[in-house]
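# Examination of the molecular architecture
Listed below, chain by chain, are the residues.
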Amino acid sequence: RWAIESASANPEDLGLVVKDKAKHHAISAKLNKKVDFSELHEDQKQFVVQYEVKYQDTMECGGSYLKLVAESDEEFSSATFNDKSAYSIMFGPDKCGLESRIHLIVNYKNPISGAVEEKHAKSSSDFKEIFTDAKSHLITLVLDFDGSFEIFVDQRSVNMGSSSREHAAGY
């Protein structure tokens, strides 16, 4: 269950608020334009996705992920989208108990075997306050044409890495 509420002193500052704890929630929308990562090149170097998250109450266990879904033979449907739906990229903050991280998981089709493989970026650190400070935080993922990535929390880098050039086209 969702509600649109103000979570600040400014009543015009509205956001989606999860009303039920310990349940899976999802909102989805189809992008207006197909994103083809194989077309990233030196002139069009980066693909950037960012969103804002604010935990009003201290988070004990849960996450606020963004999933990018690849084009497939099946027509995308918001009505059937759920936590088990296939995706190409998932990233965002996650916390359970004392462990917290920013996930970056990429599913790509191996060009040799044809199998879809799931790759996890190393764990991020130095951002744990986002779960307890009741402030809004900007979560940003930058994918470069060369397969490298960088994740930012409030414009501060918390993780960076690289995958091989072969994997970049499968993002």
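The preceding data block contains the structure.
Residues numbered from 1 in each chain as written. Predicted model: local features only at pLDDT ≥ 70, side-chain atom pairs only at ≥ 80, totals over all residues. Heavy atoms only, no water.

### Regarding the overall build of the protein
Counting its secondary structure elements, the protein contains one helix and 11 strands. Across the protein, helices and strands are ordered from the amino to the carboxyl terminus as β-β-β-β-β-β-β-β-β-β-β-α. Burial statistics for the protein: of 171 residues in total, 32% are counted as buried. At a minimum sequence separation of 6, the contacts of the protein that also span at least 24 residues come to 51%. Total accessible area computed for the protein in this model is approximately 11200 Å², and 50% of it derives from carbon and sulfur atoms. (Helix = DSSP H or I, 4+ residues; strand = E, 2+ residues; numbered from the N terminus. Buried < 20%, exposed > 50% of the residue type's maximum accessible area, 1.4 Å probe, protein only. Contact = heavy atoms within 4.5 Å. Areas by Shrake-Rupley, 256 points an atom, 1.4 Å probe, with all protein chains shown as cover.)

### A look at the pairing of strand E3 (residues 46-54)
Side chains Phe47, Val49, Tyr51 and Val53 project from E3 onto a buried face, and the interleaved Gln46, Val48, Gln50, Glu52 and Lys54 project onto a face without burial. Pairing between E3 and strand E9 (residues 136-144): nine bridges, direction antiparallel. Across the sheet, the residue bridging to Lys54 is Ser136, located in E9. (Pairing = 2+ DSSP bridges.)

### Looking at the pattern of salt bridges
Side chains bearing opposite charge may pair, as long as their charged atoms lie close to each other. Per the stated rule, a full pass over the model turns up four salt bridges. When the shortest N-O distance is used, the salt bridge between Arg101 and Asp94 registers 3.8 Å. A relative accessible area of 13% places Asp94 in the buried class. Across the pair Glu99 and Arg101 runs a salt bridge, and its minimum N-O distance is 2.7 Å. (Salt bridge = Lys/Arg side-chain N within 4 Å of Asp/Glu carboxyl O.)

### Focus on a nonpolar patch on the surface
On the surface, Trp2, Ile4, Leu14, Leu16, Val18 and Ile27 cluster together to form a nonpolar patch covering roughly 600 Å² of accessible area. Listed by contribution, the elements that provide at least two residues to the nonpolar patch are strand E1 (2-6) and strand E2 (14-18). Examining the composition of the nonpolar patch, we find that three residues originate from one element, E2, more than from any other. Within the secondary structure layout, Val18 lies in strand E2. Of the residues examined, Val18 reaches a relative accessible area of 42% and is grouped as partly exposed. (Patch = residues over 30% accessible without salt bridge, like charges linked within 9 Å, V, L, I, M, F, W, Y side chains within 5 Å.)

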